[in-house]
Amino acid sequence: MLLLALDTATPAVTVALHDGTDVIASSSQVDARRHGELLLPAVDRVLSEAGPRLADVTAIAVGIGPGPYTGLRVGLMTADTFGLALGVPVHGVCTLDALAYAADLEEPFVVATDARRKEVYWARYADSRTRLTDPAVDRPAALADEVAGLPAVGAGALLYPDVFPRAHEPEHVSAAALARLAARRLAAGEELPAPRPLYLRRPDAQVPRNYKVVTPR
């Protein structure tokens, strides 16, 4: 197996290559506004560092969010395009699960990423491999009782220390962790979800109110 992993659901544009044993190359850059510009060069950089060509890739894993609409769709569209062009399967991985896996905790904890609008995308975990709740989006204050006393990872947790006083790294997802998690699940015979975006609310961009529609004569 040669697994190409990528994620653009957070401000991190992250890519990794897994050879079936472990990650052999990875790249991560944090820039919430340049997912489209940074992703393909990162893929080229990872392949160049590792040695194989894109044509050698046998599977793709992509973060499906939750995440903001614009950034998330960059990774998903790229993964779908690669999968179609190469004729290889494309597997979805919840971005929160990849962050949890990177945290490497053996106790209950919370993953929370920044959802903007003073909200977080979050889920609760029994350990780094076992999610207990479906991904959700909420204002941090509404989670105070749910997350009280639990360690937390992710940019959303670090943004709100009053609610997540035990927050720590990792801040953003890494494709290296995503690749290791996907490879582990595939080796165990698990069926990974389809690469479809996990949107939990409407896009930030909205049609302006009182928008004037001009009908041609």
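A short tour of the structure in this document, coming up. (Residues numbered from 1 in each chain as written. Predicted model: local features only at pLDDT ≥ 70, side-chain atom pairs only at ≥ 80, totals over all residues. Heavy atoms only, no water.)

1. So, the overall build of the protein
- A count of helices and strands for the protein gives 6 helices and 11 strands.
- Against the 2.2 N^0.38 benchmark of 17 Å for 217 residues, the protein shows a C-alpha radius of gyration of 18 Å, consistent with a compact globule.
- Across its three principal axes, the protein shows a C-alpha extent of roughly 65 × 45 × 30 Å.
- Within the protein, the proportion of its 217 residues that are buried is 48%.
- Counting only contacts in the protein whose residues sit at least 6 apart along the sequence, the fraction spanning at least 24 positions is 60%.
- Accessible surface, the protein: about 11,000 Å² in total, of which carbon and sulfur atoms supply 50%. (Helix = DSSP H or I, 4+ residues; strand = E, 2+ residues; numbered from the N terminus. Rg over C-alpha atoms; globule rule 2.2 N^0.38 Å. Buried < 20%, exposed > 50% of the residue type's maximum accessible area, 1.4 Å probe, protein only. Contact = heavy atoms within 4.5 Å. Areas by Shrake-Rupley, 256 points an atom, 1.4 Å probe, with all protein chains shown as cover.)

2. Concerning the environment of arginine 129
- Position of arginine 129 among the secondary structure elements: in the loop between β7 (119–127) and β8 (130–131).
- Once the C-alpha coordinates of arginine 129 and glycine 149 are considered, the two residues, 20 residues apart in sequence, prove to be 20 Å apart.
- Every residue in contact with arginine 129, bar those within four places of it in the chain, is listed here: Tyr101, Glu106, Arg184 and Arg185.
- Among the polar contacts listed, one links the side chain of arginine 129 to the side chain of glutamate 106, at a separation of 2.9 Å. (Polar contact = N/O pair within 3.5 Å; in protein donor to acceptor, adjacent residues only side chain to side chain.)

3. Examining the pairing of strand β4 (residues 59–63)
- Counting buried residues in β4 gives 5 out of 5 residues, a clear majority hidden from the surface.
- Bridge count between strand β1 (residues 3–7) and β4: 4 bridges; the pairing is parallel. Paired with leucine 6 across the bridge in β4 is valine 62.
- Of the pairings in the sheet, the one linking β4 to strand β5 (residues 90–93) comprises 4 bridges and is parallel in character. Counterpart to valine 62 in the pairing with β5 is glycine 92. (Pairing = 2+ DSSP bridges.)

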